[in-house]
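# Structure at a glance
This is what each chain is made of:
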Amino acid sequence: MSSSSKTSSKSESGFSTAWILGMVLLVLLVGGVFFDIGQALVERQKLITAADRAANAGATGLNEQKLIDSNGATVELDPVVAQQKCSDVLINESSATGQAKTILDTGTCTVLTAAPFDSKVIEVTVTGTKEYGVIASWLGIASKTFTVTSRARPSCSDSAEAT
């Protein structure tokens, strides 16, 4: 009886080591893919933040003459000023370095003039491509392109003075 148990253990010699090594490699592979996906989601959030910043900056480009002439009743964007302010933010976002750098490939700022917006909303659309790491590339996932859109409306209120 003891000789048969020795025979079966000799035929399975090294199986545990190979199995554990295989499982460790599988865990590392799956972990690497999840890490790459997590990094892509972080980059997408950076694009959303860049679009929001640009839209908010563009929303400060008011048509001051209409605002003054209407005694504050007409709040409208000056398309040229709004687009310039928006574009300046996008240029700063795309030229940032280090941790703050976004994956911004393209960005457009548009003052929406058709009804129901009538120059009261600025829309920013940004696109960025995140290159995945080696592990995801091995699996055929080389990159992911994100496109996000943000809108902002100008606001004139005395709430800031009330604090």
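The structure presented is a predicted model; accordingly, all values stated were derived computationally and were not measured.

### Section: the overall build of the protein
Looking only at helices and strands, the protein features five helices and three strands. Starting at the N terminus, the α and β elements of the protein follow one another as α-α-α-α-β-β-α-β. For the protein, the proportion of its 163 residues judged to be buried stands at 29%. Carbon and sulfur atoms form 58% of the exposed surface of the protein, whose accessible area is close to 10,600 Å².

### Remarks on the sheet that holds strand 3 (residues 143-152)
Pairing in this open sheet of three strands is antiparallel, and the strands run 1-2-3 from one edge to the other. A strand with exactly one partner marks an edge of an open sheet, and here the two such strands are strand 1 (104-112) and strand 3. With direction set aside, neighbouring strand axes in the sheet form an average angle of 15°. One ladder, built from ten bridges, connects strand 2 (residues 121-131) with strand 3; its direction is antiparallel. Looking across to strand 3, one finds that Val124 is bridged to Ser150. Helix 4 (residues 79-95) rests against strand 1 and strand 2 of the sheet, and its axis sits at about 165° to strand 1.

### Quick notes on the environment of Cys109
Here Cys109 is to be found in strand 1. Each C-alpha atom, one on Cys109 and one on Val124, is 4.6 Å from the other, the two residues being 15 residues apart in sequence.

### A closer look at the state of the cysteines
Linking two cysteines covalently through their sulfur atoms gives a disulfide. For the structure shown, the criterion picks out one disulfide. Residue Cys86 pairs covalently with Cys109 via a disulfide, S to S 1.9 Å. Between Cys86 and Cys109 the sulfur-sulfur dihedral comes to about -75°; the bridge is accordingly left-handed. On the criterion of sequence distance, the pair formed by Cys86 in helix 4 and Cys109 in strand 1 is long-range, its members being 23 residues apart. For the pair formed by Cys86 and Cys109, the shared burial category is buried.

### Re the confidence of the model for the protein
Mean pLDDT over the protein stands at 81; residues scoring 70 or higher make up 84%. When mean pLDDT is taken per element in the protein, strand 3 scores highest with 91 and helix 1 (residues 2-11) scores lowest with 53.

### Some points on the packing of helix 2 (residues 15-58) against helix 4
The contact between helix 2 and helix 4 brings their axes to 7 Å, and the two run at 150°. Considered as vectors, helix 2 and helix 4 are oriented roughly antiparallel to each other. The hand of the helix 2/helix 4 crossing is right-handed. Residue-level contacts link Ala50, Arg53, Ala54, Ala57 and Gly58 of helix 2 to Ala82, Lys85, Cys86, Val89, Leu90 and Glu93 of helix 4. A breakdown of the residues in the contact of helix 2 with helix 4 according to their chemical character gives seven nonpolar, one polar and three charged.

### With respect to the side chain of Asn63
Tracing the backbone shows Asn63 in the loop between helix 2 and helix 3 (64-69). Only 3.3 Å separates the side chain of Asn63 from the backbone nitrogen of Lys66, close enough to count as a polar contact. The residues contacting Asn63, other than those within four sequence positions of it, are Glu76, Leu77 and Asp78.

### Digging into the side chain of Glu76
Relative to the elements of secondary structure, Glu76 occurs in the loop between helix 3 and helix 4. For Glu76, a relative accessible area of 14% translates into the label buried. Looking at Glu76, its side chain comes within polar contact range of the side chain of Lys66, at 3.0 Å. Those residues in contact with Glu76, other than ones at most four positions away along the chain, are Leu62, Asn63, Lys66, Asp118 and Ser119.

About the cut-offs
- Residues numbered from 1 in each chain as written.
- Predicted model: local features only at pLDDT ≥ 70, side-chain atom pairs only at ≥ 80, totals over all residues.
- Heavy atoms only, no water.
- Helix = DSSP H or I, 4+ residues; strand = E, 2+ residues; numbered from the N terminus.
- Buried < 20%, exposed > 50% of the residue type's maximum accessible area, 1.4 Å probe, protein only.
- Areas by Shrake-Rupley, 256 points an atom, 1.4 Å probe, with all protein chains shown as cover.
- Pairing = 2+ DSSP bridges.
- Axes fitted to C-alpha atoms, helices over the stretch in contact; angles between N-to-C directions.
- Contact = heavy atoms within 4.5 Å.
- Disulfide = S-S within 2.5 Å.
- pLDDT = per-residue confidence, 0-100.
- Parallel < 35°, antiparallel > 145°, perpendicular 65-115°, else oblique.
- Left-handed = near helix turned anticlockwise from the far one by under 90°.
- Nonpolar A, V, L, I, M, F, W, Y, C, P; charged D, E, K, R; others polar.
- Polar contact = N/O pair within 3.5 Å; in protein donor to acceptor, adjacent residues only side chain to side chain.

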